[in-house]
Amino acid sequence: MNKKKMLVEAICDGTVLDHIPSDKLFKIVSLLQLEQIQSPITIANNLESGRCKQKGIIKINDRFFSENELNRIAILAPNVRHNVIRGYKVVEKRNLSLPDEVVGLVRCPNAKCITNAEPMATRFTVEAHTEGGAPILECRYCSRKVLGEQVELL
Ligand SMILES: [Zn+2]
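Rules used throughout
- Within any chain, residue numbers begin from 1 and follow the written order of that chain's sequence.
- Given that the model is predicted, a residue must reach a pLDDT of at least 70 before its local features are reported, and side-chain atom pairs must reach 80 or more before they are shown or counted; all residues, however, enter totals for whole chains, interfaces and linings.
- Hydrogens and water are ignored here; the side-chain numbers use all heavy atoms of the structure.
- Listed donors are limited to N, O and S atoms within 2.8 Å of the metal, widened to 3.2 Å for Na, K and Ca; water is not among them, so incomplete-looking sites are possible.
- For four-coordinate sites, all angles between 85 and 135 degrees define a tetrahedron; for four- and six-coordinate sites, opposite donors beyond 155 degrees with the remaining angles between 65 and 115 define square planar and octahedral shapes respectively, and all other cases count as irregular.
- Summary of the burial criterion: residues with accessible area below 20% of their type's maximum are buried, those above 50% are exposed, and those between are partly exposed, where the area comes from a 1.4 Å probe applied to protein chains only.
- pLDDT is a per-residue confidence score from the predictor, ranging from 0 to 100.
- In this text, helices come from DSSP runs of H or I with a minimum length of four residues, and strands from runs of E with a minimum of two, each type numbered from the N-terminal end.
- The salt bridge criterion pairs a side-chain nitrogen of Lys or Arg with a carboxyl oxygen of Asp or Glu, the two atoms within 4 Å.

**Quick notes on the coordination of the zinc ion**
And then number 1: Looking at the metal site, the zinc ion is ligated by Cys-108 (SG), Cys-113 (SG), Cys-139 (SG) and Cys-142 (SG), spaced 2.3 to 2.4 Å from it.
And then number 2: One can describe the donor arrangement at the zinc ion as tetrahedral, given that its four donor atoms subtend angles of 100 to 116° at the metal.
And then number 3: For Cys-142, a relative accessible area of 25% translates into the label partly exposed.

See the structure below:
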């Protein structure tokens, strides 16, 4: 059994986020507020990976993420591998990808945008989402574009 497989299989019920680019790992830890979780968490970084040169893994017992949380992760780091483990078995395994539009997840960087003045949900079109590349989000109200990894998440 190789080491990578052990990391995934050592969990009974929970979530494994794999293939996280190393420079995004701690952003995602912070985004998901993992410091507040009481159940066991394993965080590994700078592991060798065939897909990207170095990767991080987050393994969390007894915690499952909502679509909104997964979309937030995908905005920062598309193509993170999302594994759901139940009874020591991987019951779901997919690469995260963004929908064509994200609503209420990202603040518009344009200070004059109506979404920063009115109590309303922001709405961004996901303009480009290439394999391994950061998505570009475009505000539906003011057309300001922002790189996925530079957004301010709400
Ligand atoms: Zn805007």
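**Considerations on the confidence of the model for the protein chain**
And then number 1: Per-residue pLDDT for the protein chain has a mean of 87; in total, 89% of the residues score no lower than 70.
And then number 2: Within the protein chain, the lowest mean pLDDT, 52, falls on helix H1 (residues 3-9), and the highest, 95, falls on strand E4 (residues 81-86).

**Observations concerning the pattern of salt bridges**
And then number 1: Counting across every chain of the model gives eight salt bridges.
And then number 2: Glu-152 is paired through a salt bridge with Arg-107; the nearest N and O atoms lie 3.1 Å apart. Of this pair, Glu-152 sits in strand E11 (residues 152-153) while Arg-107 sits in strand E7 (residues 106-107), and the two are 45 residues apart along the sequence.
And then number 3: Under the relative-accessibility criterion, Glu-152 is labelled partly exposed at 44%.
And then number 4: We classify Arg-107 as partly exposed; its relative accessible area is 36%.
And then number 5: With a closest N to O distance of 3.5 Å, Lys-145 and Glu-127 form a salt bridge. Taken together, the residues Lys-145 in strand E10 (residues 145-147) and Glu-127 in strand E8 (residues 123-128) connect sequence positions 18 residues apart.

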